[in-house]
Amino acid sequence: MTSLRDAIEKRISHLTGRTLGGVDYTEPKGDPGLFGPDTVAWQVHGEFTPMMCGGVSALLLQTLHPLALAGIWDHSHFRQDMIGRLRRTSQFIAVTTFGARDDAERVIERVRRVHDGVHGHAADGTPYAANDPELLVWVHVAEMSRFLAAHMRYRNPRLSLENQDRYFDETARVAEALGARHVPRSRAAIDAYLERQRRYLVCDTRTRDVTDVLLHALPPNPIFRSAGTLFMRAGIDLLPSWAATLLSLEMSRLERHAVRGGIRAIAPVMRWAVRNGSYRRALERMQAREQAQR
């Protein structure tokens, strides 16, 4: 049983980027980072299963924006390293959410420098740049909206509208630190933004190529491969219905029911296996301050 638990945690640590190193979530004691344990961001980002489902869904949604897609197409080795992309994104979310302030600001600055070199022209000749404030808003909204959707489906379906608004208001600070402007900061604003963006979204040959690579980026181990397939299907299920239709990834009601049941079945196992995730280590960092004050 211990070896199984270790194997699952090792795999999760690999996928979430914790094995990339460079961050000690337990230090310095008492540093709340950009958010802190009382925020909704800590609640939403604190569990692997919904975050993995939401992350897959966010990447699928992002590919529908021609300029975001062009950046992936021109500046990443997505065919050979889609899992690496997932890992780096996961690490960024973990560090900016749960890391100490200096660590969070350091990874934000690192991403800003990377973005400075990501520019070019989309398939239709439209220029793009990863540090374009409007493009940064798209990437941010795609991620946060899907993370929250996954949290409400698989962790807390009763999260109040007030706390949903708090979540978007809290996480907007990271997008703004990256250079985004006019970031929507409430559930209503997020929904309105996505509706406005629909006219600009397309699914072409490049989109299908990237999504096909993503949906088949699965580990060779049969057990983890089965779990990975389930996560991919759950990511599709979390898409807005219009996005799934645009991507030709519609699912039947029966399949949706099966996927949701599967995720709910494995979520407790994942929760049991993760003993040293970034959320728990960050809690240790904050509890050390409370103990010192007693």
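This text goes with the structure placed above it.
Each value, and the rule that gives it
- Residues numbered from 1 in each chain as written.
- Predicted model: local features only at pLDDT ≥ 70, side-chain atom pairs only at ≥ 80, totals over all residues.
- Heavy atoms only, no water.
- Helix = DSSP H or I, 4+ residues; strand = E, 2+ residues; numbered from the N terminus.
- Buried < 20%, exposed > 50% of the residue type's maximum accessible area, 1.4 Å probe, protein only.
- Contact = heavy atoms within 4.5 Å.
- Areas by Shrake-Rupley, 256 points an atom, 1.4 Å probe, with all protein chains shown as cover.
- Lys, Arg positive; Asp, Glu negative; His and termini not counted.
- Charge placed at Lys NZ, Arg CZ, Asp CG, Glu CD.

**Student:** Run through the overall build of the protein, naming residues and quoting values.
**Tutor:** Broken down by element type, the protein carries 14 helices and two strands. Across its three principal directions, the C-alpha atoms of the protein cover 60 × 40 × 40 Å. Counting the 294 residues in the protein, one finds 51% classified as buried. Within the protein, contacts between residues at least 6 apart in sequence are counted, and of these 79% link residues at least 24 apart. Carbon and sulfur atoms make up 51% of the accessible area of the protein, which totals about 14,200 Å². Counting 41 positive and 33 negative side-chain charges, the protein places the averaged centre of each group 5 Å from the other.

**Student:** Account for the environment of Pro219, naming residues and giving values.
**Tutor:** Topologically, Pro219 is positioned in the loop between helix H10 (205-215) and helix H11 (222-237). You can call Pro219 buried: its relative accessible area is 11%. Sequence spacing of Pro219 and Thr229 is 10 residues, and the spatial spacing of their C-alpha atoms is 9.6 Å.

Any link to function would need more than the numbers given here.
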